[in-house]
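# Analysis of the macromolecular model
So you can see what is in the structure, the chains are spelled out below.
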Amino acid sequence: IDRNRSFKRLHDIAFEENTSPEDIIIDLGINYTGSASFHSINQNNMINFLKQPFVCIGSDGYFGGFDGNIRSFETFPKILSEYSGCGRDLVTEEAVYKMSTLPAMICRITNRGALRKNYKADILMLENKNIFLQNVYNSKIWNANTIVKYLFVNGKVVIFGGKFTGVYPGEIIR
């Protein structure tokens, strides 16, 4: 894998290598195995899609440090920064519901997805005024410290005052 091409837009790679995007695609198809992420949905269609009551918000990525998939940490800040809150198309509470309670209901996980007695809950506290999406394509990794002030996973403190505690209390649900 060519690490110099990771997390970059096709147009940027072509510009850096002084070639066409088409030639980059051909080169990737011939010389490399792996995956790519494409962004092609019209914004109006995305908004209409997100507003549907049956649509939940999740990520199919994983975290693997700098080699990780940016979908693992970009999905939720992107929704909160670009589509919800303060006169935007999706109410923040609705976005959070679509990220927590609705997926738990769809997956029939009965003790998660909400803040209720005897539920396992992950609690994220952030400064709403600071929700914005950084340029993760160029920095390779999203810096949660800019907006995440406190994070509790399974009752353990993971981020305190914007600083990672070094604790990994997450667990595989099923």
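Heads up: these notes are all about the structure in this document. Bear in mind the structure is a predicted one, so any value in this text is a computation, not a measurement. (Residues numbered from 1 in each chain as written. Predicted model: local features only at pLDDT ≥ 70, side-chain atom pairs only at ≥ 80, totals over all residues. Heavy atoms only, no water.)

## Here's the deal with the overall build of the chain
Looking only at helices and strands, the chain features seven helices and four strands. Ordered by position from the N terminus, the helices and strands of the chain form the series α-α-α-α-α-α-β-α-β-β-β. Sorting the 174 residues of the chain into buried and exposed places 26% on the buried side. A sequence separation of at least 24 residues applies to 44% of the contacts in the chain between residues at least 6 apart. Approximately 12,000 Å² of the chain is accessible, and the part contributed by carbon and sulfur atoms is 56%. (Helix = DSSP H or I, 4+ residues; strand = E, 2+ residues; numbered from the N terminus. Buried < 20%, exposed > 50% of the residue type's maximum accessible area, 1.4 Å probe, protein only. Contact = heavy atoms within 4.5 Å. Areas by Shrake-Rupley, 256 points an atom, 1.4 Å probe, with all protein chains shown as cover.)

## Comments concerning the pattern of salt bridges
The full count for this structure, using the stated rule, is three salt bridges. For glutamate 171, the salt bridge is made with lysine 120, and the minimal N-O distance between the two is 3.1 Å. Here the residue glutamate 171 occupies a position in the segment after strand E4 (163-164), and lysine 120 occupies one in the loop between helix H6 (101-106) and strand E1 (123-126), the gap between them amounting to 51 residues. With relative accessibility at 43%, the residue glutamate 171 sits in the partly exposed group. One connected set of salt bridges, linked through shared partners, spans Arg112, Lys120 and Glu171. (Salt bridge = Lys/Arg side-chain N within 4 Å of Asp/Glu carboxyl O.)

## Notes on the packing of aromatic side chains
Taken as a whole, this structure holds two aromatic pairs when the rule is applied. Ring centres 5.2 Å apart and planes at 75 degrees place the aromatic pair tyrosine 150 and phenylalanine 160 in the edge-to-face group. Highlighted residues: tyrosine 150 in strand E2 (residues 148-153) and phenylalanine 160 in strand E3 (residues 156-160), separated in sequence by ten residues. Taking 5.4 Å as the distance between ring centres and 65 degrees as the angle between the ring planes, the aromatic pair formed by phenylalanine 164 and tyrosine 168 counts as edge-to-face. (Phe/Tyr/Trp six-rings, centres within 6.5 Å; stacked < 30°, edge-to-face > 60°.)

## Here's the deal with helix H5 (residues 92-99)
Buried within H5 are the following residues: Ala95, Lys98 and Met99. For H5, the angular spread of buried residues about the axis comes to 100 degrees, placing them on one side. (Arc of directions from axis to C-beta.)

## Quick notes on the side chain of lysine 98
Mapped onto the fold, lysine 98 is located in helix H5. No salt bridge is formed by the buried lysine 98, whose closest oppositely charged neighbour, glutamate 94, lies at an N-O distance of 4.5 Å. A distance of 2.5 Å separates a polar side-chain atom of lysine 98 from the backbone oxygen of glutamine 52. With residues near it in sequence (within four places) discarded, lysine 98 still touches Leu50, Lys51, Gln52, Pro53, Val55, Cys56, Ile57, Leu90 and Pro103. (Lys, Arg positive; Asp, Glu negative; His and termini not counted. Polar contact = N/O pair within 3.5 Å; in protein donor to acceptor, adjacent residues only side chain to side chain.)

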